[in-house]
Amino acid sequence: MLLGFFVYHSLTLGPADPAGPVPIDSMFIYRPDKRQEVWRFLFYMVLHAGWFHLGFNLIIQLLVGLPLEMVHGSTRIGCVYLAGVLAGSLGTSVFDPEVYLVGASGGVYALLAAHLANVMLNYRNMQYGILRLLAIFLFASCDVGFAIYSRYSVEPASGAPSVSYVAHLTGALAGLTIGLLVLKNFEQKLHEQLLWWVALGVYAACTIFAIVFNLLNTVTVQRLEEESEEVFKQHLFTNFGF
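The written sequence of each chain sets the order in which its residues are numbered from 1. Where local features are concerned, this predicted model is filtered to residues with pLDDT of at least 70; where side-chain atom pairs are given and counted, the filter is 80 or more; whole-chain, interface and lining totals use all residues. As a rule here, side-chain values cover all heavy atoms of the structure and leave hydrogens and water aside.

Let us look at the packing of helix α3 (residues 51-72) against helix α4 (residues 74-95). Axis separation between α3 and α4 bottoms out at 7 Å; the angle between their running directions is 135°. Here α4 runs oblique to α3, going by the angle between their axes. Counting all contacts with α3, which are made through Gln-61, Gly-65, Leu-68, Glu-69 and His-72, the residues of α4 involved are Ser-74, Arg-76, Ile-77 and Tyr-81. Here the residues of the contact of α3 with α4 are counted per class, giving three nonpolar, four polar and two charged. Fitting a line to C-alpha atoms yields each axis, with helices limited to the stretch in contact; the angle taken between N-to-C directions then spans 0 to 180 degrees. By definition, any uninterrupted DSSP run of H or I lasting at least four residues is a helix, any uninterrupted run of E lasting at least two residues is a strand, and each is numbered from the N terminus. For classification, angles of less than 35 degrees are called roughly parallel, those exceeding 145 degrees roughly antiparallel, those between 65 and 115 degrees roughly perpendicular, and all remaining angles oblique. We call two residues in contact when some of their heavy atoms are within 4.5 Å. When residue character is reported, Ala, Val, Leu, Ile, Met, Phe, Trp, Tyr, Cys and Pro are called nonpolar, Asp, Glu, Lys and Arg charged, and the others, Gly included, polar.

See the structure below:
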């Protein structure tokens, strides 16, 4: 599906390159001035900023998601992935409210964090669990570090895309909490039942807060609507995350 959307936008917007074309006028891109169009909070995941962005996400999904899917099933992993995508846009709307989002990095980081949840639930039944966690932590640390650097080092006038590290972090939080809720626990202990309720409470509280925030906070939307079309286009080109 992701590849199909990318091919369609490449054909309609022009030849693809590593960082474009970006479908800024798509009805699926997440935009803070269009937050009332609630489908954007989820469907921004089908858009990508160039073939490098798409290829990177697809490779990580295969490497990280398939092992989990083979053990826990497609339905459970699908829930984790979509929860991460939704958390990425909700978290960005709260903590980095002027960012425009494309890409599925929230879902990718949810899958990464789900490996941590899997180890927490089934450590006694796993081989090399610590090594898996170390590898995931090393990769995630490097990528989030680059995302933070890119977010604040890119000059607005350069036209280069920035990276939404908030979507990465909130996607990971969703992957950990939803992973603890839905992944199979092959040897459940009493303290793990308590962990289940804690995870449910954290995810529910964060999600409800973000939804209420978006319902009440219209300041950013009103300010963006007052800007000229040219300034608005500049926002789209220079302040989107992936």
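In this section: the UniProt feature "active site" (unreviewed entry) in the protein chain. UniProt positions are given in the numbering used here, feature names are shortened, and annotations may be inferred rather than shown by experiment. According to UniProt, the positions carrying the feature "active site" (unreviewed entry) are Ser-105 and His-168. Spanning 64 residues, the annotated positions come together in the fold, the maximum distance between their C-alpha atoms being 6.1 Å. Looking at the secondary structure, you find Ser-105 in helix α5 (residues 105-122). With a relative accessible area of 8%, Ser-105 lands in the buried category. With respect to the secondary-structure elements, His-168 resides in helix α7 (residues 165-182). Three exposure classes are used, based on accessible area relative to the maximum for each residue type with a 1.4 Å probe and protein chains only: buried under 20%, partly exposed in between, and exposed over 50%.

What follows concerns the confidence of the model for the protein chain. Along the chain, pLDDT gives the predictor's confidence residue by residue, from 0 to 100. Per-chain confidence: the protein chain averages 77 in pLDDT, with 71% of residues scoring 70 or above. Of all helices and strands in the protein chain, the one with the weakest mean pLDDT is strand β2 (residues 240-241) (48), whereas α4 scores best (93). Overall, residues 236-241 carries pLDDT values under 50, and its contacts beyond four positions in sequence, including any with other chains, amount to 32 contacts.

Okay, α5 next. End to end, α5 covers 26 Å across 18 residues, agreeing with the expected 26 Å (1.5 Å per residue, within 8%). The buried count for α5 comes to 16 of 18 residues, which makes it a mostly enclosed element. What a helix is expected to span follows from its residue count: subtract one and scale by 1.5 Å.

The next thing to look at is the pattern of salt bridges. Side-chain pairs of opposite charge can arise where the charged atoms are in close proximity. Basic side-chain nitrogens of Lys or Arg form a salt bridge, by our definition, when they fall within 4 Å of a carboxyl oxygen of Asp or Glu. Scanning the model with the defined rule gives two salt bridges in all. With a closest N to O distance of 2.5 Å, Arg-40 and Glu-37 form a salt bridge. On the basis of relative accessibility, which here comes to 6%, the residue Arg-40 falls in the buried class. Classification of Glu-37 by relative accessible area gives buried; the value is 19%.

Looking at the element boundaries, Ala-87 is found in helix α4. Every residue in contact with Ala-87, bar those within four places of it in the chain, is listed here: Thr-170, Gly-171 and Ala-174.

What follows deals with α7. If you check α7, its first and last C-alpha atoms are 25 Å apart, about what 18 residues at 1.5 Å a residue would give, namely 26 Å. The buried fraction of α7 amounts to 13 of the 18 residues, a majority that puts the element mostly inside the structure.

Our next topic: the UniProt feature "transmembrane region" (unreviewed entry) in the protein chain. According to UniProt, the feature "transmembrane region" (unreviewed entry) maps to residues 42-66, 78-95, 101-121, 133-152, 164-183 and 195-216 in the numbering used here. Here residues 164-183 runs as 90% helix and 0% strand, with 27 Å between its end C-alpha atoms.

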